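# Architecture and fold: a report
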Amino acid sequence: MELCPACDARRPTARAFIQRHRDPDWDRKALPQLFEDWETETMYAHGWARAPQPEAPPSPPAYLRLVPRGQG
């Protein structure tokens, strides 16, 4: 995917991404969410959809040992 100011200026998220990219004082912490929104918008424009992310399986309980490994 490529961000094109001439082609993507009509799409709301792409337009916001372009405007913020040109502004040196914008909040950099918003970049990951803005990028994800732009990516989703671009995928939708091409007929694709983002698949839901599966939840990670629960991790096994931690085994607490009184004696450090390699000793005892």
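Quick summary incoming for the structure in this document. (Residues numbered from 1 in each chain as written. Predicted model: local features only at pLDDT ≥ 70, side-chain atom pairs only at ≥ 80, totals over all residues. Heavy atoms only, no water.)

## With respect to the overall build of the chain
Here is the rule: Helix and strand assignments come from DSSP, with helices taken as H or I runs of at least 4 residues and strands as E runs of at least 2, each series counted from the N terminus. Each residue is placed in one exposure class: buried if its accessible area under a 1.4 Å probe, protein chains only, is under 20% of its type's maximum, exposed if it is over 50%, and partly exposed if it falls in between. By the convention used here, residues are in contact when the closest approach between their heavy atoms is within 4.5 Å. Each accessible area is a Shrake-Rupley result for a 1.4 Å probe, and residues are judged covered by the shown protein chains and nothing else.
The helix and strand inventory of the chain stands at 3 helices and 0 strands. In the chain, the order of α-helices and β-strands from amino to carboxyl end is α-α-α. Of all 72 residues assigned to the chain, the portion counted as buried reaches 18%. Here the contacts in the chain between residues at least 6 apart in sequence split such that 40% fall between residues at least 24 apart. Carbon and sulfur atoms provide 57% of the accessible area of the chain, an area that totals close to 6,600 Å².

## Quick notes on the pattern of salt bridges
Counted only if it meets this: We define a salt bridge as a side-chain nitrogen of Lys or Arg found within 4 Å of a carboxyl oxygen belonging to Asp or Glu.
Scanning all chains against the criterion turns up 2 salt bridges. Across the salt bridge formed by E41 and R11, the nearest N and O atoms sit 3.4 Å from each other. Taken together, the residues span a long stretch of sequence, with E41 in helix 3 (residues 31–45) and R11 in the loop between helix 1 (5–8) and helix 2 (12–22) at a distance of 30 residues. On the accessibility criterion, R11 (13% relative accessible area) is buried. Across the pair E39 and R50 runs a salt bridge, and its minimum N-O distance is 2.9 Å. Placement of E39 in helix 3 and of R50 in the segment after helix 3 is noted, with a sequence separation of 11 residues between them.

## Some points on the packing of aromatic side chains
For clarity, the threshold we go by: Aromatic contacts are taken between Phe, Tyr and Trp rings whose centres are within 6.5 Å, Trp giving its six-membered ring; a plane angle under 30 degrees counts as stacked, one over 60 as edge-to-face, and the others as tilted.
In this structure the tally under the stated criterion is 1 aromatic pair. Taking 5.5 Å as the distance between ring centres and 50° as the angle between the ring planes, the aromatic pair formed by F35 and W38 counts as tilted. With F35 and W38 both in helix 3 and 3 residues apart, this pair spans about one turn of that helix.

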